[in-house]
Protein chains: 2
Amino acid sequence: MTYCVGLLLDAGLVMLSDTRTNAGVDNISVFGKTFVHETPGERALALLTAGNLAVTQAVWNRLQEGVKLDGQLLTLGSAENMFRAAQLVGAAVREVFATDGPGLRDHGLGFDVSILLGGQIGTAPPRLFLVYAAGNFIEATADTPFLQIGEHKYGKPILDRVLSPATPLADGVTLALISMDSTLRSNLTVGLPIDLTVIRRDALAVSLRRRITEEDAYFAFLRQRWSESLREAYQALPRPDWLD
Amino acid sequence: MTYCVGLLLDAGLVMLSDTRTNAGVDNISVFGKTFVHETPGERALALLTAGNLAVTQAVWNRLQEGVKLDGQLLTLGSAENMFRAAQLVGAAVREVFATDGPGLRDHGLGFDVSILLGGQIGTAPPRLFLVYAAGNFIEATADTPFLQIGEHKYGKPILDRVLSPATPLADGVTLALISMDSTLRSNLTVGLPIDLTVIRRDALAVSLRRRITEEDAYFAFLRQRWSESLREAYQALPRPDWLD
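Reading the values: the criteria
Residues numbered from 1 in each chain as written. Chains lettered and ligands numbered in written order. Predicted model: local features only at pLDDT ≥ 70, side-chain atom pairs only at ≥ 80, totals over all residues. Heavy atoms only, no water. Pairing = 2+ DSSP bridges. Helix = DSSP H or I, 4+ residues; strand = E, 2+ residues; numbered from the N terminus. Axes fitted to C-alpha atoms, helices over the stretch in contact; angles between N-to-C directions. Contact = heavy atoms within 4.5 Å. Phe/Tyr/Trp six-rings, centres within 6.5 Å; stacked < 30°, edge-to-face > 60°. Buried < 20%, exposed > 50% of the residue type's maximum accessible area, 1.4 Å probe, protein only. Buried area = accessible area lost by both parts, 1.4 Å probe. Salt bridge = Lys/Arg side-chain N within 4 Å of Asp/Glu carboxyl O. Polar contact = N/O pair within 3.5 Å; in protein donor to acceptor, adjacent residues only side chain to side chain. 1 Å grid on protein atoms, 1.4 Å probe; cavity = no way out; pocket = protein on both sides within 12 Å on 5 of 7 lines; lining within 4 Å. Points joined across faces, edges and corners; volume = space filled by probe spheres on them. Least-squares fit on C-alpha atoms with pLDDT ≥ 70 in both.

The name given to chain A in an unreviewed UniProt entry is Proteasome-type protease, with Falsiroseomonas tokyonensis as the source organism.

Things to note about the sheet that holds strand E10 (residues 127-131) of chain B
Residues and elements named next belong to chain B. The sheet built from five strands is open, its strands ordered E5-E6-E9-E10-E11 with antiparallel pairing. Edge strands, defined here as strands with exactly one partner in the open sheet, are strand E5 (34-39) and strand E11 (137-139). Going from strand to strand, the sheet's axes swing by 15 degrees on average, the running direction of each strand aside. Examined bridge by bridge, strand E6 (residues 43-51) and strand E9 (residues 113-121) share nine bridges and lie antiparallel to one another. Following the sheet pairing, threonine 49 is matched in E9 by isoleucine 115. Contacting E5, E6 and E9, helix H1 (residues 53-65) crosses the sheet at an angle of about 155 degrees to E6. With respect to the sheet, helix H2 (residues 82-106) is in contact with E6, E9, E10 and E11, its orientation differing from that of E9 by roughly 155 degrees.

Observations regarding the packing of aromatic side chains
Following the criterion strictly, the structure yields 10 aromatic pairs over all chains and no others. The interplanar angle of 85 degrees and the centroid separation of 5.5 Å between the aromatic rings of Phe129(A) and Phe137(A) together place this pair among those described as edge-to-face. Assessed through its relative accessible area of 1%, Phe129(A) is described here as buried. What makes Phe137(A) partly exposed here is its relative accessible area of 24%. Measuring from centroid to centroid gives 5.8 Å for Tyr218(A) and Trp242(B), while their planes differ by 90 degrees, and the two rings are edge-to-face. Here the residue Tyr218(A) occupies a position in helix H5 (residues 217-236), and Trp242(B) occupies one in the segment after helix H5 (217-236), the pair thus bridging two chains.

A few points about the interface of chain B and chain A
Chain B puts 48 residues into the contact, and the matching count from chain A is 48 residues. Counting the surface lost from both chain B and chain A, the interface buries some 4200 Å², and carbon and sulfur atoms represent 67% of this. Looking only at chain B, the three residues that lose the most surface to chain A are Arg161(B), Tyr234(B) and Trp242(B), adding up to 21% of its buried area. Our count for the chain B to chain A interface comes out at six salt bridges. There are 16 residue pairs in polar contact (both at pLDDT 80 or more) connecting chain B and chain A. Sorting the residues of the side of chain B that touches chain A by element identifies helix H3 (156-162), helix H4 (169-186), strand E13 (194-200), strand E14 (208-212) and H5 of chain B as the ones contributing at least two each. Ranked by residue count, the leading element in the side of chain B that touches chain A is H5(B), at 12 residues.

Description of the sheet that holds strand E1 (residues 3-9) of chain B
Pairing between the strands of a sheet is mediated by backbone hydrogen bonds and can be parallel or antiparallel. Residue and element names in this part refer to chain B. Taken in spatial order, the five strands line up as E12-E1-E2-E13-E14 in an open sheet, and their pairing is antiparallel. The open sheet has two free edges, formed respectively by strand E12 (146-150) and E14, since each of these has just one partner strand. Each strand of the sheet is rotated relative to its neighbour by a mean of 10 degrees, with strand direction disregarded. Bridge count between E1 and E12: five bridges; the pairing is antiparallel. Its bridge partner being in E12, valine 5 is matched across the sheet by glutamine 148. Along the sheet, H4 contacts E1, strand E2 (12-18), E13 and E14; its crossing angle with E2, the most-contacted strand, is approximately 20 degrees.

Notes on empty space enclosed by the protein
With the rule as written, the count across this model stands at one cavity of 30 Å³ or more. As a volume, the largest cavity reaches approximately 190 Å³. Along its surface, the largest cavity is lined by 15 residues, and Pro157(A), Ser182(A), Pro157(B), Ser182(B) and Leu230(B) are the ones closest to its centre. Residue assignment for the lining of the largest cavity shows that the elements contributing at least two residues are helix H3 (156-162) and H5 of chain A together with H3, H4 and H5 of chain B.

Observations regarding the pairing of E1(B)
All names here are of chain B. Counting buried positions over the seven residues of E1 gives seven, a clear majority of the element. Neither face of E1 is left uncovered, since the one carrying Tyr3, Val5, Leu7 and Leu9 and the one carrying Cys4, Gly6 and Leu8 both have all their residues buried. Summarising the sheet, E1 and E2 pair through six bridges and their orientation is antiparallel. Following the sheet pairing, leucine 8 is matched in E2 by leucine 13. Linking E1 to E2, which pair antiparallel, is a turn of two residues.

Digging into the relation of the copies chain B and chain A
Mapping chain B onto chain A calls for a screw motion: a turn of 180 degrees about the axis and a shift of 0.0 Å along it, with 0.0 Å RMSD after fitting. Given the turn and translation reported, the copies of this chain are related as if by a two-fold rotation axis. Taking C-alpha positions as the reference, the residue of chain B nearest the rotation axis is Tyr154(B), at 2.5 Å. When you check the interface residues of chain B against chain A, 100% turn up at the interface there too, and the contact is symmetric in its surfaces.

Right under this line is the structure:
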């Protein structure tokens, strides 16, 4: 499995993915699921993937080579805006489905892929999309300024409670890491290291790419402190007065 | 959907279920999913159900009427110990599968049921089981002193972090309610009111049954305070020093 989360904040985008892939529980590997395209001064995009690794890697390769969209061969470097970029990712997914879908079906396997695409192109505001296996997509809005793919449930409550578009970027990073920590603790198929990408609004460049391992001092502290905080918060709650 | 959780503590059992059933999102009803059998001074058992409502109600009805197990017609009132009671629930599930399974299959529907069974019979310690649709079951142990059915992921992180067999009963009630709150907030198919059942060790009676609605002052306070606590805990965390 996989857990990826993208936050669309007024201050920019925070994108976080784990790196665990598994074919059964006895074949576990580390594969990056974050792919970045950057043309400094013009555009910065990050693509986070969940699902069949052969499918997601094929999608990324096709996006490098160029995908036909309305008669034009486009890449993430040439799509004129974020909506076109999302359409392009959808078109790449459909191309892979056309070539690999029948073979997967012959072997009783589903065509399993979902992709977060976040970024900014030119002076338009940053946008964040979730592209489905069918190639269609939804977009994050101010009402729900985050999107998740993969094993999303464990890490959702904290985002539901706290996140808003006004959340500062550093706070967003902390929140995404807490959300990932809840998932790591409760589901073994999501694993360290994790890949963090930050794209500040109007930077038109990737502001930060960081691979966070077991040794990362901040994340280690965060995990321990968050656990303690939850325990303390729960200890501080009153107990029901109607019990006995 | 459904969320039910059972805690097996040294001090006894805490069992909590929601009451929402839905056939599609436009047909939502309130049905109790907690069923209790009590013979004061001898035994107290609680059964929490998830899955197809026709199936779970049929299982409970068969348990009232008596189910054949190794040639004997038994009920939850006559099973000699908790292991036999769990076998009995499994046998009831298999009986319902035998009668209703083919009809469900004809209509493209799965046979969807899972059941938590907790209780104490006589002087043996309380036990907690999870019975599957196949009629087989697992038991909670000191390593993992809780079992969940239905929409279990949202409410699992807090239990993973805090619960142990030594957790006092009142603390267990608070924890179960927090776990339910996380689920209620993130998944609309789990809904209020919720049904709480407490069986103290060696009481051999149901110590508490309480239906908790929107109006329950303790639960309302708990939900609000827990949200605030999470927000405060997250606010108190340091932010990464490697960002910018």
